[in-house]
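Examination of the molecular architecture
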Amino acid sequence: MTEQHAQPHERRILGTELLWAFGVGVLIAAILSVVVFTALTRDINPPSNVERIDPKTLHLSGEFAEQNLGTTVARDGGVTVRIITTQFMFAPRCLVVPEGRRVTLRFASPDVIHGILITGTNVNTMVVPGFVAQVYSEFTHSGDLLMPCHEYCGLGHSEMWATVRVVPESEFKPDLDGRVACAQR
Amino acid sequence: MRNVERLCLAHFWVAFAAFLAAAVLGTWQMWVRSPLGANVGTPGQYFLSVTAHGVSMAYVLTIFFIMGFGYFVAVTALGRPLPGKLWAWIAFWIAIIGVVMALVPILMGQASVLYTFYPPLTASPWFYIGLVFIVAGSWIWCVLMLVAMRQWKRDNPGRPVPLAMFATVANSVLWLWTTVGVAIELVFQVIPASLGFGQTIDAGLARTLFSWTLHAIVYFWLIPAYIAFYTMVPRAAGGRLYSDTMGRFTFILFLVYSLPVGMHHLLMDPEHGNGWKFIQVLLTAFVSVPTLLTIFTVTASLEIAGRLRGGRGVFGWITALPWQRPTVLAAGLAFVMLGFGGFGGIINMGYGVNAMVHNTSWVTAHFHLIFGGSVVIMYFAIAYEIWPSLTGHDHASSAPLRMQLWLWFLGMMVMTLPWHWLGLQGQWRRIANFNYADPIISGWGPLVIVSLGGGLVLLASALLFVRNLVILHGGPLPALQRPLYALAVHPPQRVPAALNGFGLWNVLVLILMLLAYGYPIAQFVITPSPGAMVHRVH
């Protein structure tokens, strides 16, 4: 191919590449729009509260002391569940949540890195020692769900799981302190 | 080739020995986790195996393969002797010492922290120091690649660096940036803790530093496959590279965008704010650009080959391609796996779906398909392509080569498609055994067994691969000299300096890293998080 033919041909190649690049740009813009749209309209955001807590003392006092673990209903009706994730168990091992109501889940680890998911839902967070991990969700069906530790935390990792018991509103009965536990049923 | 054959072969055989051992371990792990292996193995053995599998595949196979391939490209693409061959051997032995130092504690069960560490869990210090040695050896390789390019440019002023070498140097620059994160984590946090200095570790900081390395390392693994896509595949198909400039641009984009995106591995972490996560998701979206550009350029190059071979019509050029040639077949299979894996990757990027799939089998499936599938199948193709010039013997028949590639593809699909589905069902990762008596878990059993079948096919393919290479060392057929790298449709006479070196792009990487990681790392200094107690596993 002579020099004067090469120039227009190279420009045509560049033209096809720019057309493709434009398509790629549209695709990326569309994907990012979905991320931004769901974040703004449906509040779909990653768990990012950046709240520090000392892993060495969190069990001694405050919200992760033994008597405060599990499900609590505040005076305003807000449901919060506090859970300690530790090698190789959850405290408590079973938690009760009401069906169809917003529930806030708060996790803290006194030892190593853990993580949780609840099967069949999009509840998912890492639990990093030094930080409180917080997620919220609304459970749409009653029944028992599995909540395993999903991050390697040592040789007993495979045995670390808890049960999430979703109960209909009629069976969700807090006691006088606003507390609900699995054994009450 | 001038006497670098032994150097290249030494690197490749270390890589492939680690690969074969890791393939055996991986298959064993799948058996243990399946309903068929319910009473097999202890958790101690299982996590020892996972650690050995991860370290072998992610560090030993990749680093040694990439170093060996880099030396090969430097000599063949630049057409001149390798500078500093003694240093290359020193780097090799430093890395070998590192492998032994890391392997012994792993096999003794004193380093079962997986290849991603998870401090405040701490292993035997020898494990981490061994990994530092492997990386130190690879840093010498990076310098040698830069020196080789510089010397060639000095002797060929104004001429464009051949694309294969340009991409290899891009990868070595990328690797120098990539390893800084994990090096800081190991040298300043984990190794002191494992030696007994200090009782606590800032786990959030350690995760953040590791995330710096964790995504870019995948592109370090992947770039040799892309070098083959741009140079060896069009040549093997009998065509030309559609655009040399687009190739350069692609490798530059990999260098720039694969680094400031690692926090997408921390989307579900509590130690970073939403805004920083969003910035890195934004940059993550751009890292799909070089791959999408590659698909276009390589497909166009193959179309040229197909039409030169008489293919007509919109799709006729596809059937006209020489699919019986292993390199062309491998590229086709790699593209299919890249399609599935890339689609999965775009899904992982969105917050909403990431919350469903984070730390489930979906993610395991995603990276096995992209790395174990697309990338490793191109490692096979590269080995088949260059083994004749390394050993001096040619393949007697390409049938066993094609058979091996097909087995790898089928095994990978049969293994990973069920994993994707199980991940959506909530099957979580890194588990030594599942309680199949549980009503939620029992339904997963059949699919787990199907994926084990895929694992067995992969193991058969791995064995056949090693056999196909071993027999060339004593083969009867002398190798023919043939070109390795495709010419471009318009071979570049001159390219702008920005497309012929990396100075400008290093500045851009620095700016993007400061933007994306500056505050997220600084926050741990500004407001130190309470330390987590060191937990020894040995």
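The model shown is predicted, which means the values in this text are computed figures rather than measured ones. All residue numbers refer to position in the chain's written sequence, counted from 1. Chains and ligands are labelled by the order in which they are written, letters from A for the one and numbers from 1 for the other. It should be noted that, the model being predicted, local features are given only for residues of pLDDT at least 70 and side-chain atom pairs only at 80 or more, the latter also being counted only at that level, while totals for whole chains, interfaces and linings use all residues.

For the rest of this paragraph, the subject is the overall build of chain B. The helix and strand inventory of chain B stands at 16 helices and four strands. Only C-alpha atoms enter the radius of gyration; for comparison, a globular chain is expected to reach 2.2 Å times N to the power 0.38, where N is the number of residues. Here the C-alpha atoms of chain B give a radius of gyration of 23 Å, agreeing with the 24 Å that 2.2 N^0.38 yields for 538 residues. Seen through its principal axes, chain B has C-alpha atoms that stretch 60 × 50 × 45 Å. Buried, partly exposed and exposed are defined by the number of other C-beta atoms within 10 Å of a residue's own C-beta, namely 20 or more, between the two limits, and 12 or fewer respectively, with C-beta atoms placed from the backbone. Here chain B, with 538 residues, has 58% of them falling under the buried criterion. We call two residues in contact when the distance between their C-beta atoms, placed using the backbone, is within 7 Å. Partitioning the contacts of chain B with sequence separation of at least 6, the portion at a separation of at least 24 is 86%. We count a stretch as a helix when DSSP gives it H or I for four or more residues in a row; a strand needs E for two or more, and each element gets its number in order from the N terminus.

Take the overall build of chain A next. A count of helices and strands for chain A gives one helix and 12 strands. The order of α-helices and β-strands along chain A, N terminus first, is α-β-β-β-β-β-β-β-β-β-β-β-β. Relative to its length of 185 residues, chain A is extended, with a C-alpha radius of gyration of 24 Å against a globular reference of 16 Å. Seen through its C-alpha atoms, chain A measures out along the principal axes to roughly 90 × 40 × 25 Å. Of all 185 residues assigned to chain A, the portion counted as buried reaches 39%. When contacts within chain A are restricted to residue pairs at least 6 apart in sequence, long-range pairs at least 24 apart make up 63% of them.

Let us look at the confidence of the model for chain A. Scored by pLDDT, chain A comes out at a mean of 92, with 96% of its residues at no less than 70. A residue's pLDDT is the confidence the predictor assigns to it, expressed on a 0 to 100 scale. Considering each helix and strand of chain A separately, the mean pLDDT is smallest for helix α1 (residues 3-41) of chain A, with a value of 87, and largest for strand β3 (residues 79-86) of chain A, with 98.

What follows is about the domain arrangement of chain A. How large an interface is tends to be reported as the accessible area lost when its parts come together. Domain parsing of chain A yields domain 1 (1-45) and domain 2 (51-184). In this entry, domain limits derive from an automatic or database-based domain assignment. Between the C-alpha centres of domain 1 of chain A and domain 2 of chain A there is a distance of 44 Å.

Reading predicted coordinates in detail is not appropriate for stretches of low pLDDT. Taken as a whole, chain B shows an average pLDDT of 95; of its residues, 100% reach a score of 70 or greater. Interface scoring of the predicted complex returns ipTM 0.93; its pTM is 0.96.

Glancing now at the sheet that holds strand β10 (residues 143-148) of chain A. Residue and element names in this part refer to chain A. Taken together, the three strands give an open sheet; going across it, the order is β5-β11-β10, and neighbouring strands pair in mixed fashion. Every other strand in the sheet has two partners, leaving β5 (94-98) and β10 as the edge strands with one partner each. Neighbour-to-neighbour, the strand axes of the sheet open up by a mean angle of 25 degrees, direction not taken into account. Here the rule is simple: two strands pair whenever DSSP picks up at least two bridges between them. Judged from the six bridges that link them, β10 and strand β11 (residues 161-167) form a sheet pairing that is antiparallel. Along β11, the bridge assignment pairs Leu 145 with Val 164. To get an axis, a line is fitted to the C-alpha atoms, and for a helix only the part in contact is used. The angle between two axes follows their N-to-C directions and goes from 0 to 180 degrees.

Tallying the contact residues gives 53 residues for chain A and 58 residues for chain B. Broken down by secondary-structure element, the contributors of at least two residues to the side of chain A that touches chain B are α1, β7 (114-117), β8 (124-127), β9 (131-138) and β10 of chain A. With 14 residues, the single largest contributor to the side of chain A that touches chain B is α1 of chain A. Think of it as three bins: nonpolar holds Ala, Val, Leu, Ile, Met, Phe, Trp, Tyr, Cys and Pro, charged holds Asp, Glu, Lys and Arg, and polar takes everything else, Gly as well. For the side of chain A that touches chain B, the class distribution of residues is 30 nonpolar, 16 polar and seven charged.

Quick look at the environment of Val 470 of chain B now. Residues and elements named next belong to chain B. Within the element layout of this structure, Val 470 appears in helix α15 (residues 445-470). Given 12 C-beta atoms within 10 Å, Val 470 falls into the exposed group. A C-alpha to C-alpha distance of 13 Å links Val 470 and Leu 401, two positions 69 residues apart in sequence.

Residues and elements named next belong to chain B. In a helix, the anticipated span is given by 1.5 Å times the number of residues less one. Over its 23 residues, helix α3 (residues 85-107) runs 33 Å from end to end, which matches the ideal 33 Å to within 8%, given 1.5 Å per residue. Taken as a whole, α3 has its buried residues at Ala 88, Ala 91, Phe 92, Ala 95, Gly 98, Val 99, Met 101, Ala 102, Leu 103, Pro 105 and Ile 106. In this structure, the buried side of α3 is in contact with α1 (5-33), α2 (43-78) and α4 (125-155). Positioned one or two residues after α3, Gly 109 has a phi angle of 75 degrees, which is positive.

Residues and elements named next belong to chain B. Close contact between α2 and α4 brings their axes to 11 Å; oriented N to C, the two are set at 15 degrees. Taken together, the axes of α2 and α4 lie roughly parallel to each other. Once α2 is placed against α4, the crossing between them reads as left-handed. Residues Tyr 59, Ile 63, Met 67, Gly 70, Ala 74 and Leu 78 of α2 form the contact with α4, whose own contacting residues are Leu 131, Ile 134, Ser 138, Trp 141, Met 145, Ala 148 and Trp 152. Of the residues belonging to the contact of α2 with α4, the class tally is 11 nonpolar, two polar and no charged. Note on angle classes: values under 35 degrees are labelled roughly parallel, values over 145 roughly antiparallel, values of 65 to 115 roughly perpendicular, and the remainder oblique. Crossings are classed by handedness, with left-handed meaning an anticlockwise turn of the near helix from the far one by less than a right angle and right-handed meaning a clockwise turn.

Quick look at unusual backbone geometry now. Of note, the amide linkage connecting Gln 87 of chain A to Phe 88 of chain A takes the cis form, showing an omega dihedral of -10 degrees. Here Phe 88 of chain A lies in the loop between β3 and β4 (89-91). Geometrically, the link from Ala 91 of chain A to Pro 92 of chain A is a cis peptide bond, its omega value of 0 degrees lying close to zero. Examined against the element boundaries, Pro 92 of chain A turns out to sit in the loop between β4 and β5. Unusually for a residue other than glycine, Phe 117 of chain B sits at a positive phi of about 75 degrees. Residue placement: Phe 117 of chain B occurs in the loop between α3 and β1 (121-122). Classification of Phe 117 of chain B by C-beta neighbours within 10 Å gives buried; the count is 24. Residues other than glycine seldom take positive phi values, yet Arg 430 of chain B does so here, at roughly 60 degrees. By the secondary structure assignment, Arg 430 of chain B is in the loop between α13 (399-424) and α14 (439-442).

Below, the discussion takes up the nonpolar core. Residue and element names in this part refer to chain B. In this structure, Ala 170, Ile 377 and Phe 380 are the most contacted members of the largest nonpolar core, which totals 243 residues. Of the residues forming this core, the biggest block, 25 residues, is contributed by helix α6 (residues 203-237). Filtering out sequence-adjacent residues up to four positions away, Ala 170 remains in contact with Ile 223, Phe 251, Ile 252, Phe 254, Leu 255 and Phe 502. The term nonpolar core refers to a group of buried residues, namely Ala, Val, Leu, Ile, Met, Phe, Trp, Tyr and Cys, whose C-beta atoms join them within 7 Å.

As a further point, take helix α16 (residues 503-526) of chain B. An α-helical turn contains 3.6 residues, so any two residues separated by three or four positions project in the same direction. All names here are of chain B. With 24 residues, α16 should cover 34 Å at 1.5 Å per step; its first-to-last C-alpha distance of 32 Å lies within 8% of that length. Tyr 517 marks the point of greatest bend in α16, at about 50 degrees, and the proline Pro 520 comes within the next four residues. When we look at burial in α16, the residues that qualify are Val 509, Ala 516, Tyr 517 and Pro 520. In this structure, the buried residues of α16 make contact with α5 (163-195), α6, α7 (244-257) and α8 (274-308). In this analysis the local bend is the angle between axes fitted, respectively, to the seven residues ending at and the seven residues starting at the residue.

Glancing now at the packing of α1 of chain B against α15 of chain B. Residue and element names in this part refer to chain B. Contact pair α1 / α15: the axes reach a minimum separation of 9 Å and the direction vectors enclose 160 degrees. Here α15 runs roughly antiparallel to α1, going by the angle between their axes. By crossing handedness, the relation of α1 to α15 is classed as left-handed. Between α1 and α15, the contacting residues are Phe 16, Phe 19, Leu 20, Ala 23, Val 24, Gly 26, Thr 27, Met 30, Trp 31 and Arg 33 on the first element and Val 448, Ser 451, Leu 452, Gly 455, Leu 456, Leu 458, Leu 459, Ala 462 and Val 466 on the second. A per-class count over the contact of α1 with α15 returns 14 nonpolar, four polar and one charged.

On to the pairing of β7 of chain A, then. All names here are of chain A. Here β7 shows a buried face lined by His 114 and Ile 116 and a second buried face lined by Gly 115 and Leu 117. Note that β7 and β8 share four bridges and pair antiparallel. Within the sheet, the bridge partner assigned to Ile 116 lies in β8 and is Thr 125. Linking β7 back to β8 in an antiparallel pair, the connection comprises six residues, with Gly 120 at a positive phi of about 80 degrees.

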